[in-house]
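Structural description and commentary
Here are the chains, one letter per residue:
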Amino acid sequence: MIADISHAARVRALIAAELRDYDPARAARVVGWGAPMSAEWHRVTLAEFRAAMIAPVEVEVTFSGGVSMMCWAVTRSDGDYRVVWVPSAETFSLVTESKFGPVDIGVHGDAIGVFGSV
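**Here's the deal with the layout of surface pockets**
If a probe the size of a water molecule is rolled over the atoms, the empty space left behind becomes visible. A volume near 200 Å³ is recorded for the largest pocket. Around the largest pocket, the lining comprises 14 residues; the ones closest to its centre are Glu 48, Asp 78, Phe 115, Gly 116 and Val 118. With 4 residues, helix α2 (residues 39–52) is the largest single contributor of residues to the lining of the largest pocket. Looking at the lining of the largest pocket, its residues break down into 7 nonpolar, 3 polar and 4 charged.

Encoded structure:
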């Protein structure tokens, strides 16, 4: 990690790189029981991810065991889920919305993949 740039700038750079390198026609993403997803599924997921993206904003997320950490939300909530960057783990996470705030549900990885898992 480059220590001299802010977390928000780092998150923006990571997402920009994912968007630049994501090719729906060549994507090898597999879901469920190992079924490969079609290029059309990848195109739709990418478009939906772009539409849900927000400028990174700090949010407090609750993790297993009741541990709370400051993370960076990168998509708006759809009422149920949103994607956040977890700086301490250097990964993106899917969180669910609760009356207590965002809660990690154990889905981690690249931003588009985490988003596409819903």
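**A few points about the side chain of Thr 45**
Summarising the element assignment, Thr 45 is placed in helix α2. Those residues in contact with Thr 45 that sit more than four places away from it in its chain are Ile 112, Phe 115 and Gly 116.

**Topic: the pairing of strand β3 (residues 53–62)**
In terms of strand pairing, β3 meets strand β4 (residues 68–75) through 7 bridges, oriented antiparallel. What sits directly across from Val 59, in β4, is Cys 71.

The rules we used
Residues numbered from 1 in each chain as written. Predicted model: local features only at pLDDT ≥ 70, side-chain atom pairs only at ≥ 80, totals over all residues. Heavy atoms only, no water. 1 Å grid on protein atoms, 1.4 Å probe; cavity = no way out; pocket = protein on both sides within 12 Å on 5 of 7 lines; lining within 4 Å. Points joined across faces, edges and corners; volume = space filled by probe spheres on them. Helix = DSSP H or I, 4+ residues; strand = E, 2+ residues; numbered from the N terminus. Nonpolar A, V, L, I, M, F, W, Y, C, P; charged D, E, K, R; others polar. Contact = heavy atoms within 4.5 Å. Pairing = 2+ DSSP bridges.

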